[in-house]
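# A structural walkthrough
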Amino acid sequence: MGHTGAQEIKEKEAIFKSRVDSIMIGATISSPVKAGKYPAIIIASGTGPQDRDGTMAGTKMFARIANYLTPKGYVVLRMDDRGVGKTTGEYRYATTADFAQDVLGAVEFLKKEPNVDLQKIGLLGHSEGGAVISIAASQSTDVKFLISLAGLASNGLESLFVQNENLVRSSPLPEVDRKRSNEINRLMFATAFQYAKSDSMENKLNAVYNYWKQKDDIYFKTLGIEHDHFRFPIWSYVQQAIGPWYRYFVTYDPQIFLSKVDIPILAINGSKDLFVDPVNLAYWKQYSRAGKQGKVTTILLPNVNHLMQACQTCLPAEYAKLGEMPDSTLEEIVKWLTETVK
């Protein structure tokens with residue numbers, strides 16, 4: 001518990017069912033010690049299998065959120081992703097839509113908890129978790145508010161374009177290789193999008209790559225550079241792209257879900273986020289029914305990265321050196337919750 005005051009928090013382990021299949025989910029529920037009814041928050045993680053504490057680059061984002069919010073009068077549930085810790089199933093066979101069902105399983109579970117105010121259950125999503133909570137909220141009237149931390153509100157294809165161009169721009173690649181990188185990325189992502197629902201996706205991706213490679217080889221010869229260091233990881237990209245997660249994600253359209261969501265939303269983004277570009281803040285407002293009703297609050301934090309850390313270079317290589325997200329960001333969440341939910 002550390003300095004957050006263990007006496008103010010009681011933690012218990014829970015196991016519950018996802019709303020779709022036989023997946024059993026392991027979670028930790030942090031509650032204020034004093035008896036009473038409290039608003040509750042369920043945390044949804046971003047891409048890649050994560051433990052309930054949100055352990056990333058030496059930080060424990062989700063444990064930190066729970067330990068900060070709980071003493072201020074909130075029940076917080078954080079859970080292991082599929083195939084991690086106490087949660088069953090295999091991560092690689094699941095999609096963003098499946099993760100939304102896992103979150104809805106957590107909602108069902110919290111509805112039976114005696115210290116939860118049933119009119120005040122909300123979801124907090126980080127990164128892809130922004131899409132997860134959008135889907136979940138569109139399918140349940142039990143969800144009363146959303147909090148996005150670097151949460152995705154753009155469509156899958158656009159987010160892949162923007163994310164990869166941001167990463168290329170901030171990479172040490174020479175200019176000519178950045179251009180090649182952006183070109184092949186855009187081509188492959190667009191092909192994956194076009195054939196996402198088709199059995200021939202693998203063949204199409206390989207064919208498009210081979211066509212590009214022939215042109216690119218000719219182009220490289222004109223540059224008069226001796227050694228070509230540029231590589232596109234075609235095999236591993238194709239293996240990823242033909243999986244269920246990527247097929248769903250590349251065609252993900254947030255408007256389908258957010259247009260049904262009219263509960264208050266808080267969306268926070270770092271200005272130096274390379275993975276979920278700050279443009280997403282505008283989409284939370286633009287795509288959601290809540291936005292049209294003036295119920296969306298957005299906060300752009302200057303010089304903050306994807307893990308909500310204050311950053312210098314703001315490149316992923318620096319994440320492990322930066323420590324936890326600052327109190328000031330958590331304070332913004334508390335302030336909004338106090339005004340909106342409490």
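For the structure itself, consult the block above.
Residues numbered from 1 in each chain as written. Predicted model: local features only at pLDDT ≥ 70, side-chain atom pairs only at ≥ 80, totals over all residues. Heavy atoms only, no water.

## Section: the overall build of the protein chain
Looking only at helices and strands, the protein chain features 12 helices and 10 strands. The C-alpha radius of gyration of the protein chain comes to 21 Å, within 12% of the 20 Å expected for a compact globule of 342 residues. The buried share of the protein chain, taken over its 342 residues, is 54%. Of all intrachain contacts in the protein chain linking residues separated by at least 6 positions in sequence, the fraction that spans at least 24 positions is 73%. Summed over its atoms, the accessible surface of the protein chain is roughly 15,100 Å², and 56% of this surface lies on carbon and sulfur atoms. One way to put it: in the protein chain the 39 positive side-chain charges average out to a point 4 Å from where the 37 negative ones average out. (Helix = DSSP H or I, 4+ residues; strand = E, 2+ residues; numbered from the N terminus. Rg over C-alpha atoms; globule rule 2.2 N^0.38 Å. Buried < 20%, exposed > 50% of the residue type's maximum accessible area, 1.4 Å probe, protein only. Contact = heavy atoms within 4.5 Å. Areas by Shrake-Rupley, 256 points an atom, 1.4 Å probe, with all protein chains shown as cover. Lys, Arg positive; Asp, Glu negative; His and termini not counted. Charge placed at Lys NZ, Arg CZ, Asp CG, Glu CD.)

## Digging into the packing of aromatic side chains
Enumeration according to the criterion identifies 15 aromatic pairs in this entry. Taken together, a centroid distance of 6.4 Å and an interplanar angle of 35 degrees make the contact between Y248 and Y252 tilted. Its relative accessible area of 22% is what places Y248 among the partly exposed residues. Residues Y252 and F257 carry aromatic rings whose centres are separated by 5.8 Å and whose planes lie at 10 degrees to one another, so their mutual orientation is stacked. For Y252, a relative accessible area of 3% puts it in the buried group. Put simply, the rings of F161, F189, Y209, W212, F230, F232, Y237, W245, Y246 and F249 touch in pairs and so form one group of aromatic residues. (Phe/Tyr/Trp six-rings, centres within 6.5 Å; stacked < 30°, edge-to-face > 60°.)

## Overview of the pattern of salt bridges
Counted under the stated rule, the structure contains 19 salt bridges. Here D21 and R82 are joined by a salt bridge, their closest N and O atoms 3.5 Å apart. Note that D21 is positioned in the loop between β1 (9–17) and β2 (24–32) and R82 in the loop between β6 (75–79) and α2 (96–110), a separation of 61 residues in sequence. On the basis of relative accessible area, D21 is assigned to the partly exposed category, the value being 30%. Using a relative accessible area of 6% as the deciding quantity, one classes R82 as buried. In this structure, E165 engages R186 in a salt bridge whose closest nitrogen and oxygen atoms are separated by 2.5 Å. Linking E165 in helix α4 (residues 156–169) with R186 in helix α5 (residues 175–194), this pair joins segments that are 21 residues apart in sequence. (Salt bridge = Lys/Arg side-chain N within 4 Å of Asp/Glu carboxyl O.)

## Examining the nonpolar core
By size, the foremost hydrophobic cluster in this structure holds 72 residues, and its most contacted members are I42 and L77. Examining the composition of this core, we find that eight residues originate from one element, α2, more than from any other. Sequence-distant contacts of I42, that is, excluding residues within four places in its chain, are made with L77, M79, V103, A106, V107, L110, I121, G122, L123 and L124. With 31 residues, the next largest nonpolar core counts V76, L124, V334 and W336 among its residues. (Core = buried A, V, L, I, M, F, W, Y, C linked by side-chain atoms within 4.5 Å.)

## Remarks on the packing of α2 against helix α3 (residues 129–138)
For the pair α2 and α3, interaxial distance at closest approach is 8 Å and the crossing angle is 65 degrees. Where α2 crosses over α3, the two elements pack in a sense that is right-handed. Of the residues in α3, those in contact with T96, A97, F99, A100, V103 and L104 of α2 are A131, V132, I135 and A136. Per-class residue counts for the contact of α2 with α3 are nine nonpolar, one polar and no charged. (Axes fitted to C-alpha atoms, helices over the stretch in contact; angles between N-to-C directions. Left-handed = near helix turned anticlockwise from the far one by under 90°. Nonpolar A, V, L, I, M, F, W, Y, C, P; charged D, E, K, R; others polar.)

## A short note on the state of the cysteines
Within this structure, the stated rule accounts for one disulfide. Each disulfide pairs two cysteine sulfurs, and for C311 the partner residue is C314, the sulfurs being separated by 2.0 Å. Between C311 and C314 the disulfide shows an S-S torsion of about 90 degrees. By sign, it is right-handed. A single burial state applies to C311 and to C314, both of which are buried. (Disulfide = S-S within 2.5 Å.)

## Some thoughts on the packing of α4 against α5
Across the interface, α4 lies against α5 with an axial gap of 10 Å and an inter-helix angle of 165 degrees. The angle between α4 and α5 falls in the class roughly antiparallel. Here α4 and α5 pass one another in a crossing that is right-handed. Between α4 and α5, the contacting residues are L157, L160, F161, N164, E165, V168 and R169 on the first element and R178, S181, N182, N185, R186, F189, A190 and F193 on the second. In terms of residue class, the contact of α4 with α5 is made up of seven nonpolar, four polar and four charged. (Parallel < 35°, antiparallel > 145°, perpendicular 65-115°, else oblique.)

## Side note on the side chain of S31
One can find S31 in strand β2. Given a relative accessible area of 5%, S31 falls into the buried group. At a separation of 3.0 Å, a polar atom in the side chain of S31 contacts the side chain of N115. Setting aside its immediate chain neighbours within four residues, S31 contacts E8, I9, K10, T70, V75 and N115. (Polar contact = N/O pair within 3.5 Å; in protein donor to acceptor, adjacent residues only side chain to side chain.)

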